[in-house]
Amino acid sequence: MPLHGKGMLITLTEVSARDERDFNEWYNREHIDERVNLPGFHRARRYVAVRATPKYLATYECDSVADLATPDYLKLLANQTPWSQAVMARFTHFNRLTLRMQVDQTHGIGGVLACVRFVPDPRRRKALVEWLSMTALPAVVQRPGMLGAAAGENDLEVAHAPLQNKSMDHPRAEEAEWVALLEGADASAVGAAARSMFTMTKLRPFGVEAAPIVGTYRLLFGNQR
């Protein structure tokens, strides 16, 4: 089954151990449902680290990356519920990526996800998309234990919209980061696929100068409409 749209919001979060119970209850009982029911949104899933930092990752699939910068969405960010305000105030880490999905090779729902983050040279974008769509992700999906893979580029204009609208305070991204999501049924298979495919040797031709950040996560909860 392909992704539910061409846009995706990814958040990476962490809280102190004493706040985790309330954090997880908020995510499972309010936050995911609230986001899934927004116009343009279709599915959200959240994960906890198997071998990764930060500890929690969430994905929100929408029709288009533009859904992450509409006036109604920005208004919601600026007017969070009391529970949301209380939980977000206790974040010890927060990172937000608004992805324009470029490649989608998914065909199933797995319980484990590898998140691979890297920054290529924008001038090599066309070659990168071709490699991801024709070589890298098809090879990943064919590996035992794998169920799908997708990749997208952080849209900086959309990512900065909450800052410009003053609806959210978070660090400003200066580089167009890419994210590859590898989905499977087994944590060891997913981690091995990420480490095998996204090496510096394979990424350097696309202008990647720093080693990719690779994290492996297991599914906690999801909802869709």
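As a reminder, the structure under discussion sits directly above these lines.
Criteria and cut-off values
- Residues numbered from 1 in each chain as written.
- Predicted model: local features only at pLDDT ≥ 70, side-chain atom pairs only at ≥ 80, totals over all residues.
- Heavy atoms only, no water.
- Salt bridge = Lys/Arg side-chain N within 4 Å of Asp/Glu carboxyl O.
- Helix = DSSP H or I, 4+ residues; strand = E, 2+ residues; numbered from the N terminus.
- Pairing = 2+ DSSP bridges.
- Phe/Tyr/Trp six-rings, centres within 6.5 Å; stacked < 30°, edge-to-face > 60°.
- Buried < 20%, exposed > 50% of the residue type's maximum accessible area, 1.4 Å probe, protein only.
- Polar contact = N/O pair within 3.5 Å; in protein donor to acceptor, adjacent residues only side chain to side chain.
- 1 Å grid on protein atoms, 1.4 Å probe; cavity = no way out; pocket = protein on both sides within 12 Å on 5 of 7 lines; lining within 4 Å.
- Points joined across faces, edges and corners; volume = space filled by probe spheres on them.
- Nonpolar A, V, L, I, M, F, W, Y, C, P; charged D, E, K, R; others polar.
- Axes fitted to C-alpha atoms, helices over the stretch in contact; angles between N-to-C directions.
- Contact = heavy atoms within 4.5 Å.

Draft legend 1. Up close: the pattern of salt bridges. Under the definition given, this model contains twelve salt bridges. A salt bridge links D19 to R90, with the shortest nitrogen-to-oxygen separation between them at 3.3 Å. Highlighted residues: D19 in the loop between β1 (7–15) and α1 (20–36) and R90 in the loop between α3 (82–88) and β4 (91–104), separated in sequence by 71 residues. Among the ionic contacts, a cluster of salt bridges with common partners joins R43, R45, E61 and E183.

Draft legend 2. Geometry of the pairing of β4. Bridge count between β1 and β4: nine bridges; the pairing is antiparallel. Bridge pairing links T11 to R96 in β4. Pairing analysis gives five bridges linking β4 to strand β6 (residues 146–154), with the strands arranged antiparallel. Its bridge partner lying in β6, D104 is registered against A150.

Draft legend 3. Fine view of unusual backbone geometry. A cis amide bond links T53 with the next residue in sequence, P54, at an omega value of 0°. Mapping P54 onto the fold places it in the loop between β2 (41–51) and β3 (56–62).

Draft legend 4. Structural view of the environment of T199. Here T199 is to be found in the loop between α7 (187–197) and α8 (200–203). Between the C-alpha atoms of T199 and P212, which are 13 residues apart in sequence, the distance is 7.6 Å.

Draft legend 5. A look at the packing of aromatic side chains. All chains considered together, the criterion is met by eleven aromatic pairs. Ring geometry for W131 against F198: centres 5.9 Å apart, planes inclined by 85°, an arrangement best described as edge-to-face. Taken together, the residues W131 in helix α4 (residues 125–142) and F198 in the loop between α7 and α8 connect sequence positions 67 residues apart. F198 sits in the buried class, given a relative accessible area of 3%. Ring pairing ties together the aromatic residues F23, W26, Y27, Y56, F91 and F94, which thus form one cluster.

Draft legend 6. Inspection of the side chain of E183 at higher detail. Tracing the backbone through its elements, the reader meets E183 in strand β7 (residues 178–184). Exposure remark for E183: the relative accessible area of 4% places this residue in the buried category. A polar contact of 2.7 Å, which involves the side chain of E183, links it to the side chain of R45. A distance of 2.9 Å separates the side chain of E183 from the backbone nitrogen of G110, its partner in a polar contact.

Draft legend 7. Representation of the layout of surface pockets within the structure. Estimates place the volume of the largest pocket at around 350 Å³. For the lining of the largest pocket, the secondary-structure elements that each account for two or more residues are β5 (112–118) and α4. Split into classes, the residues belonging to the lining of the largest pocket amount to twelve nonpolar, one polar and seven charged.

Draft legend 8. Representation of the sheet that holds β4 within the structure. Strand order in the closed barrel formed by eight strands is β1-β3-β2-β8-β5-β7-β6-β4, with antiparallel pairing between adjacent strands. Between one strand and the next, the sheet's axes are offset by a mean angle of 35°, whatever the strand orientation. Across seven bridges, the pairing between β2 and β3 is antiparallel. For R43, the partnering residue across the bridge sits in β3 and is E61. Across the sheet, α4 touches β4, β5, β6 and β7, and the angle it forms with β6 is around 165°. Packed on one face of the sheet, α7 meets β2, β5, β6, β7 and β8 (213–224) and runs near 20° to β5.

Draft legend 9. Highlighting empty space enclosed by the protein. Counted by the stated rule, this structure contains two cavities of 30 Å³ or more. Considering only enclosed or pocket space, the largest cavity measures out at about 110 Å³ in volume. Lining the largest cavity we find 14 residues, and of these T11, H31, R35, M88 and F94 sit closest to its centre. Those elements giving two or more residues to the lining of the largest cavity turn out to be β1, α1, α2 (71–78) and β4. Take the lining of the largest cavity: its biggest share by element is four residues, from α1. Of the residues belonging to the lining of the largest cavity, the class tally is ten nonpolar, two polar and two charged. In this structure, the second largest cavity encloses a volume near 60 Å³.

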